[in-house]
Amino acid sequence: MTARTPLCAAQAEALAVRRVDGEAVDWPRYPRRIEKRICHLGVGGFHRAHQAFVLHQLLQQGVAAGWGLCGIGLRAADRAIHAALHAQDHLYSLWQVEGSQRRVTVVGSIMAHLDASEDAGPAIATLADAATRIVSLTITEAGYCLDGTGGLDASHADIIHDLAHPQQPRSAAGLLVAGLAARRAADGAGITLLSCDNLLANGERLRSAVLGFAECADPALALWIATQCSFPCSMVDRITPATDPVRRAAYCADWGVQDEALVMCEPWLQWVMEDHFVAGRPPYEQAGVQFSHEVARWEEAKVGLLNGGHSALAQLGLLRGHVGVHEALADPLVRQWHAGYMTEVADTLEPLDGLDYGDYQAALTRRFGNAALDDRLLRLAMDSSGKFPQVLTAPLCKRLDVGLAVPHLAMTIALWMHYLASAESSLAAYVDHDREGLIARAVEGCARGDASAFLARQLPLPTALATHFALAVNQQLHALKHDGLEAAIHALASH
């Protein structure tokens, strides 16, 4: 076995000759210096597989000279990637895997990383620096600190702290406003704030968080931000499972290079966004990024079919005893269920230029069946109380409003309740922010054969629709209890 050499810039020439599966590894061929900076909050695996990789491609093409990423970690949990990137000159390898094929790229677009979890001063100064043109984020929905109405949650503990201690913020909104306040004080120009999180209307949510915080801190600053900065919406897509230590060690051994920031992902990558950048941008379109005035509709399709399909098949797959997503898709019953679910959702989507829904559904089935990713059903099932309202509400309301049946959407909730109330071994590792309460409500609902109370808490709908949907879910709960899982799923084909 080839000795594993640490990944670093000083070893690049020696390491560049090492191959993986007989193929050369792609190394950065561009100067790694930042003249036009993109700061990114939340440098997790998805950012490294998606936005950072796209910029790397542009730099390799020689069409984005001077652009570079500076990551910012705001949480204690971000310190591990900060240390790993720092030790490797901010280089990392990206492994695109499908079947037996592995394509490896050493990505160099991240050129700096700041740990703001204890001292936010350098991060605030970097946000205020004239070279910073864009700030992007992948911080998950919880990181926006919004309330149920979509406005800033002023009672959130992090928001309360940040308003009292603006130079050492804990929240993304607090950090961004501190940086923007410093820009304004230095007579700096506005910048683009770009959410890359998997959220509907993500740019609008980011705008609400930032302006809401600024209004509380300094209304004049809020007005400056509103007029000088932009908040484009974007849709991002690339399946990027967590790379477990065993897989990382095996890949490093095959390559002969030790990489503590290694990321694996699928070959597919999609990025659709509004072209509303007030301080310039890289030529993203030259890396296949699509600019559109209809990002919301692209996001609706992706959330309904990909994210919704992921969450929906996870419960059935786990109940069938599967562990991996690809194993579940190889099960004819799960595959039949997944196809029916996607059809029910796709029927609610209006035609969209550039997207054939039939081709998209076929691509999703192929992507979900990619065994090389070894994506786990339990990962998809976790935090379902936060996911299902986002992925189900739109298609459900559209179908109910026009009197269409909702058998697959109703079965989705019935399967979720059935899983939560089951003795399935994976349930012990199930994570949700309200885990015990969620399970208790599911157990009660399954025992009574009545989903009304569960739905009122987990998927609130207008009263008329809620009553109709509860009856549909109750019907599926009855089928699961009296006919069994397999027969209940097969029966959906007749709808």
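Below: a short report on this structure.

Cut-offs and rules
Residues numbered from 1 in each chain as written. Predicted model: local features only at pLDDT ≥ 70, side-chain atom pairs only at ≥ 80, totals over all residues. Heavy atoms only, no water. Buried < 20%, exposed > 50% of the residue type's maximum accessible area, 1.4 Å probe, protein only. Helix = DSSP H or I, 4+ residues; strand = E, 2+ residues; numbered from the N terminus. Pairing = 2+ DSSP bridges. 1 Å grid on protein atoms, 1.4 Å probe; cavity = no way out; pocket = protein on both sides within 12 Å on 5 of 7 lines; lining within 4 Å. Points joined across faces, edges and corners; volume = space filled by probe spheres on them. Nonpolar A, V, L, I, M, F, W, Y, C, P; charged D, E, K, R; others polar. Axes fitted to C-alpha atoms, helices over the stretch in contact; angles between N-to-C directions. Parallel < 35°, antiparallel > 145°, perpendicular 65-115°, else oblique. Contact = heavy atoms within 4.5 Å. Phe/Tyr/Trp six-rings, centres within 6.5 Å; stacked < 30°, edge-to-face > 60°. Lys NZ or Arg CZ within 6 Å of the ring centre and 35° of its normal. Core = buried A, V, L, I, M, F, W, Y, C linked by side-chain atoms within 4.5 Å. Salt bridge = Lys/Arg side-chain N within 4 Å of Asp/Glu carboxyl O. Expected span 1.5 Å × (residues − 1).

### Quick notes on the pairing of strand E14 (residues 270-273)
The two faces of the sheet receive side chains in turn, since in a regular strand these alternate between them.
Part 1: Burial along E14 is two-sided: the face carrying Gln270 and Val272 and the face carrying Trp271 and Met273 are both buried.
Part 2: Sheet analysis places E14 next to strand E15 (residues 290-291), joined by two bridges and oriented parallel. Counted as the bridge partner of methionine 273 is phenylalanine 291 from E15.

### Focus on the environment of alanine 242
Part 1: Mapped onto the secondary structure, alanine 242 falls in the loop between strand E11 (234-237) and helix H10 (245-255).
Part 2: Since its relative accessible area comes to 66%, alanine 242 is described here as exposed.
Part 3: As for alanine 242 and alanine 296, which are separated by 54 residues in sequence, their C-alpha atoms are 27 Å apart.

### Notes on the layout of surface pockets
Part 1: Reported here for the second largest pocket is a volume of approximately 170 Å³.
Part 2: For the lining of the second largest pocket, the elements supplying multiple residues, two or more each, are helix H6 (157-164), helix H7 (172-185) and helix H8 (202-217).
Part 3: If you tally residues by element for the lining of the second largest pocket, the top one is H7, at six residues.
Part 4: Classifying every residue of the lining of the second largest pocket gives nine nonpolar, two polar and three charged.

### What to know about the packing of helix H13 (residues 332-346) against helix H17 (residues 407-420)
Think of two packed helices as two axes; the pair is described by the angle between the axes and how far apart they sit.
Part 1: Contact geometry of H13 with H17 gives a least axis separation of 8 Å together with a crossing angle of 125°. With respect to H17, the axis of H13 lies oblique. Where H13 abuts H17, its residues Trp337, Gly340, Tyr341, Glu344 and Val345 lie against Pro407, His408, Leu409, Met411, Thr412 and Leu415.
Part 2: Considered class by class, the residues forming the contact of H13 with H17 number seven nonpolar, three polar and one charged.

### Here's the deal with the packing of aromatic side chains
Part 1: Tallying each qualifying case throughout the model produces nine aromatic pairs.
Part 2: Each ring, one from tryptophan 268 and one from tyrosine 360, has its centre 6.4 Å from the other, and the planes form 50°; the classification is tilted. Placement of the pair is tryptophan 268 in the loop between strand E13 (263-265) and E14 and tyrosine 360 in helix H14 (residues 357-368), with a sequence separation of 92 residues.
Part 3: Among the residues examined, tryptophan 268 registers a relative accessible area of 25% and is labelled partly exposed.
Part 4: For tyrosine 360, a relative accessible area of 5% gives the class buried.
Part 5: Ring centres of tryptophan 337 and tyrosine 341 lie 6.0 Å apart, and the angle between their planes is 50°; this geometry places the pair in the tilted category. You can see tryptophan 337 and its partner tyrosine 341 sitting in helix H13, four residues apart, about one turn around the helix.
Part 6: A relative accessible area of 1% means that tyrosine 341 is categorised as buried.
Part 7: Positioned above the aromatic ring of tyrosine 92 is the side chain of arginine 48, whose terminal nitrogen or guanidinium carbon lies 5.7 Å from the ring centre.

### Examining the nonpolar core
Part 1: Counting 95 residues, the largest nonpolar core has Trp337, Ile413, Leu420, Phe469 and Val473 as the members making the most contacts within it.
Part 2: The element that contributes the greatest number of residues to this core is helix H11 (residues 295-319), accounting for twelve residues.
Part 3: Once residues lying within four places of it in the same chain are set aside, the contact partners of isoleucine 413 are Leu392, Phe454, Leu455, Leu459, Phe469 and Val473.

### Points about the sheet that holds E11
Part 1: The sheet built from three strands is open, its strands ordered E11-E14-E15 with mixed pairing. Every other strand in the sheet has two partners, leaving E11 and E15 as the edge strands with one partner each.

### Examining the pairing of E11
Part 1: By the alternation rule, side chains of E11 split into Ser234 and Val236 and Met235 and Asp237, which are all buried.
Part 2: Two strands pair when backbone bridges link them, and E11 and E14 are joined in this way by four bridges, in the antiparallel orientation. Each bridged residue has a counterpart across the sheet, and for methionine 235 the counterpart in E14 is valine 272.

### So, the pattern of salt bridges
Part 1: The tally for this structure, following the rule as stated, stands at 26 salt bridges.
Part 2: Between glutamate 35 and arginine 33 there is a salt bridge, and its shortest N-O distance comes to 3.1 Å.
Part 3: Across the pair lysine 398 and glutamate 300 runs a salt bridge whose closest N-O atoms are separated by 2.6 Å. Within this pair, whereas lysine 398 is found in helix H16 (residues 384-401), its partner glutamate 300 is found in helix H11, the two being separated by 98 residues in sequence.
Part 4: Accessibility expressed as a relative area gives 31% for lysine 398, which makes it partly exposed.
Part 5: Put simply, Asp21, Arg102 and Asp254 are held in one network by salt bridges that share partners.

### Structural notes on helix H20 (residues 463-483)
Part 1: With 21 residues, H20 extends 30 Å between its outermost C-alpha atoms, agreeing within 8% with the 30 Å of an ideal straight helix rising 1.5 Å per residue.
Part 2: Every buried residue of H20 is listed here: Leu465, Phe469, Ala470, Ala472, Val473, Asn474, Gln476, Leu477, Ala479 and Leu480.
Part 3: Close packing links the buried residues of H20 with H16, H17, helix H18 (435-448), helix H19 (452-458) and helix H21 (485-491).
Part 4: A positive backbone phi angle near 95° is found at glycine 484, which sits one or two residues after H20.

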